[in-house]
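# A look at the structure
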Amino acid sequence: MTGSGNGQVRLERRPRRTRATGEADRFARGFAGLPVPAFLVDERGTYVWVNQAFGALVGIRPEVLLGTAVDSTSAEDGDDGSSAARAAAAELATRSASVLRTGLPLLRVDQIGFPQPSGQPRWATGSAFAVTTQDGVLAAGTVHELGLDATGGLAELLDRAPVLVLTTDAELRYTWAAGAVTGWPGADRTVVGRTAWEVAGSTDATHPWIAPLRQAMCGEQAHARVERDGAHLDYWVGPLRDPERRPVGTVAVLLDATDAERAGRRQRVAEERFRRLAEHSPAVIDIRDGEDRIVHVNPAFLHTFGVRPSEVIGWRPAERGDLADVAGSDFADLVEAGRQVRDADRSRVWQGRIPHPDGHLVELIGHVFPLPAEDGSVGVGEVFLDVTAQERARRELA
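Residues numbered from 1 in each chain as written. Predicted model: local features only at pLDDT ≥ 70, side-chain atom pairs only at ≥ 80, totals over all residues. Heavy atoms only, no water.

## Brief notes about the overall build of the protein
- Scanning the protein from N- to C-terminus turns up 15 helices and 17 strands.
- Here the protein, with 398 residues, has 47% of them falling under the buried criterion.
- Here the protein has roughly 20100 Å² of accessible surface; of this, 50% comes from carbon and sulfur atoms. (Helix = DSSP H or I, 4+ residues; strand = E, 2+ residues; numbered from the N terminus. Buried < 20%, exposed > 50% of the residue type's maximum accessible area, 1.4 Å probe, protein only. Areas by Shrake-Rupley, 256 points an atom, 1.4 Å probe, with all protein chains shown as cover.)

## Some remarks on unusual backbone geometry
- Its identity as a non-glycine residue notwithstanding, Asp-292 has a phi of 65°, on the positive side.
- You can see Asp-292 is positioned in the loop between strand S13 (284–288) and strand S14 (294–297).
- In this structure, Asp-345 is a non-glycine residue whose phi angle is positive, near 55°.
- Examined against the element boundaries, Asp-345 turns out to sit in the loop between helix H14 (331–344) and strand S15 (348–355).
- Accessibility expressed as a relative area gives 57% for Asp-345, which makes it exposed.

## Observations concerning the pattern of salt bridges
- For the coordinates displayed, the defined rule picks out 17 salt bridges.
- Across the pair Glu-279 and Arg-275 runs a salt bridge whose closest N-O atoms are separated by 2.7 Å. Residue Glu-279 and its partner Arg-275 are located together in helix H10 (residues 258–280), separated by 4 residues, close to a single helical turn.
- As a salt-bridge pair, Asp-292 and Arg-288 come within 2.6 Å of each other at their nearest N and O atoms. (Salt bridge = Lys/Arg side-chain N within 4 Å of Asp/Glu carboxyl O.)

## Focus: the sheet that holds S13
- The strand order S14-S13-S17-S16-S15 describes an open sheet built from 5 strands, whose pairing is antiparallel. Only two strands of the sheet have a single neighbouring strand rather than two, namely S14 and S15. Each adjacent strand pair in this sheet contributes to an overall mean axis angle of 25°, direction not counted.
- Packing of H14 onto the sheet brings it into contact with S13, S15, strand S16 (361–372) and strand S17 (378–386), and relative to S15 it is tilted by some 150°.
- With respect to the sheet, helix H15 (residues 388–397) is in contact with S15, S16 and S17, its orientation differing from that of S16 by roughly 135°. (Pairing = 2+ DSSP bridges. Axes fitted to C-alpha atoms, helices over the stretch in contact; angles between N-to-C directions. Contact = heavy atoms within 4.5 Å.)

## Considerations on H14
- In this model H14 runs 20 Å from its N-terminal to its C-terminal C-alpha over 14 residues, within 8% of the 20 Å that 1.5 Å per residue would give.
- If you check which residues of H14 are buried, you get Phe-331, Leu-334, Ala-337, Gly-338, Val-341 and Arg-342. Take H14 and look down its axis: the buried residues cluster within an arc of 130°, on one side only.
- Those residues of H14 that are buried are in contact with S13, helix H13 (321–324), S15, S16 and S17.
- Of the residues one or two after H14, Asp-345 is the one with positive phi, at around 55°. (Expected span 1.5 Å × (residues − 1). Arc of directions from axis to C-beta.)

## What to know about the sheet that holds strand S11 (residues 231–241)
- Here we have 5 strands laid out as an open sheet, ordered S9-S8-S12-S11-S10, and antiparallel in their pairing. Edge strands, defined here as strands with exactly one partner in the open sheet, are strand S9 (174–179) and strand S10 (222–228). Going from strand to strand, the sheet's axes swing by 20° on average, the running direction of each strand aside.
- Relative to S9, strand S8 (residues 163–169) is paired through 5 bridges, and the arrangement is antiparallel.

## Overview of the confidence of the model for the protein
- Considering every residue of the protein, the mean pLDDT works out to 76; 74% of them sit at 70 or more.
- The least confident element of the protein, judged by mean pLDDT, is strand S1 (residues 10–13) at 32; the most confident is S13 at 94.
- Across residues 1–21 the pLDDT falls below 50, and counting only partners more than four positions away or on other chains, this stretch makes 66 contacts in the model. (pLDDT = per-residue confidence, 0-100.)

## Comments concerning the side chain of Asp-286
- Among the secondary structure elements, Asp-286 is positioned in strand S13.
- Leaving out residues up to four positions away in the same chain, Asp-286 has contacts with His-296, Val-297, Phe-301, Val-380, Gly-381 and Glu-382.

## Some words on the environment of Leu-323
- Residue placement: Leu-323 occurs in helix H13.
- Along the chain, Leu-323 and Ile-354 lie 31 residues apart, while their C-alpha atoms are 7.6 Å from each other.
- When sequence neighbours within four positions are dropped, the list of residues in contact with Leu-323 reads Trp-315, Ser-329, Phe-331 and Pro-355.

## Some details on a nonpolar patch on the surface
- On the surface, a cluster of nonpolar side chains totalling about 240 Å² of accessible area is made up of Val-349, Ile-365 and Leu-385.
- With respect to the secondary-structure elements, Leu-385 resides in strand S17.
- Classification of Leu-385 by relative accessible area gives partly exposed; the value is 45%. (Patch = residues over 30% accessible without salt bridge, like charges linked within 9 Å, V, L, I, M, F, W, Y side chains within 5 Å.)

## Here's the deal with the packing of aromatic side chains
- Scanning the model with the defined rule gives 6 aromatic pairs in all.
- Through a chain of ring-to-ring contacts, the aromatic side chains of Phe-39, Tyr-47 and Phe-54 assemble into a single cluster.
- Arg-320 extends its terminal NZ or CZ atom over the ring of Trp-315, reaching a point 4.9 Å from the ring centre. (Phe/Tyr/Trp six-rings, centres within 6.5 Å; stacked < 30°, edge-to-face > 60°. Lys NZ or Arg CZ within 6 Å of the ring centre and 35° of its normal.)

## Remarks on the layout of surface pockets
- Taken as a whole, the second largest pocket holds about 410 Å³ of empty space.
- Along its surface, the second largest pocket is lined by 13 residues, and Ile-287, Val-295, Pro-372, Ala-373 and Glu-374 are the ones closest to its centre.
- Among the elements of the structure, H10, S13, S14 and S16 are those that each provide at least two residues to the lining of the second largest pocket.
- Sorting elements by how many residues they give to the lining of the second largest pocket places H10 first, with 3 residues. (1 Å grid on protein atoms, 1.4 Å probe; cavity = no way out; pocket = protein on both sides within 12 Å on 5 of 7 lines; lining within 4 Å. Points joined across faces, edges and corners; volume = space filled by probe spheres on them.)

Laid out in C-alpha cells, this is it:
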C-alpha cells in the first residue's frame, strides 16, 4: 500500500484548535522534543497537534498540517508540499482516527510510504490510541520508520516518554501494559495477569487505583491524581467497548506528574507566604484586576480607611468621582498612576492624599506597579505606607 491511499484526497482548512487538554496536553508535551514522530487527530481525521519530528517525516511543516481535514473523494494540491505527501498524511490521520470508533486500546497502522524529494519514500508504521480531553477524545499517534526499527509499535515508543498505558478486562485483570513512569518502572512485567485489586493491595472500592476503573466499567471517563513510591501520577481511565458499545474492560493512561505536583506545591507555598506577609504587613496593600476592579485588600488597608471588605471589593477607582472631588484629594492622580503603569508595564513611586470616610485625608507614599491578572491581562498592585502623622509633624515643624 502506498501513501496515496485508495482514492483521491482533498485537504481542507478548518479552524485550528488552539490547545489540547488533559491526557492530550501531557502527551503533546511528552513527545514535543523527542525524535519520535507523534501527532494528535480528532474523530474527523483532523490534525490538532504534531511535533517537529512528524513534520520532518511527512515533509510538510507542522503549522501547515494543523487544522487539515480529510475528504477521501477528491484531490486538491496545497501550497506546501506535494499532494502525495499530503495524501500519505491524510491516510495516516484517517486510519488513526478509527481508534476512536472501534474502542480498541490501540490500533496498528502498517506500512505507509511518505514521499521524499529524493523520490524514495520513507516507509513507516504507526500506532494510535485514544486520549481524553476536557472537550472529548482525541487519537494520539506515534510513528516509527521501518528502516530504523522494523518492530515499530506503541510499546517501544512509550518507553521513551513519561507515559504508561494499561488495559484490563471486565474483572479488572490487567491484560496489557506498555511504557513506564516514575514510581512504576517495568509495570508490564509486574501487573499483567494480576487484578487491579491485587496490585492495589486493597479490597476497598473507593481506593484511588480502583475507583476510576470501576467508573470506566460504567461507561464513564475518570481521572485521579495518585501517588506511588513517592511519585505523583495523573491517572486517566476510559472504557473499552465491544461492537455493541458495551464496556468490556478499561484502558488507563498514567503520566508522570511529579514535577507538576512539586511545582504546584511550591506555588501554593509561595501564595501562602504572600498571603501571610500581606496580612501582617503594616503597609496598605490593594490589588486590582485587568478591568481595574479591586480584588484584594489587606487588613492594614481596612484599618487605615475604616472600611469592611464588602465596601471596597469589586469597585473601580475610576468610578469613584466623589473621592476625586474632595478638597485636597489626590485620588484622581492615583487613578491616573494606575493607568500609566498598566500601559507602560513599569512601576512608579506615588505620594498623595486620599479621603477617609470620616472626612480627613490620609497621606500615603509607596509604589504602584503592574501585576498579571488571572485572565492574562494586566492588573495593578499598590503598596503604601501611611505617613499622615509624619507629614503633619513635618509641616508643624516647618
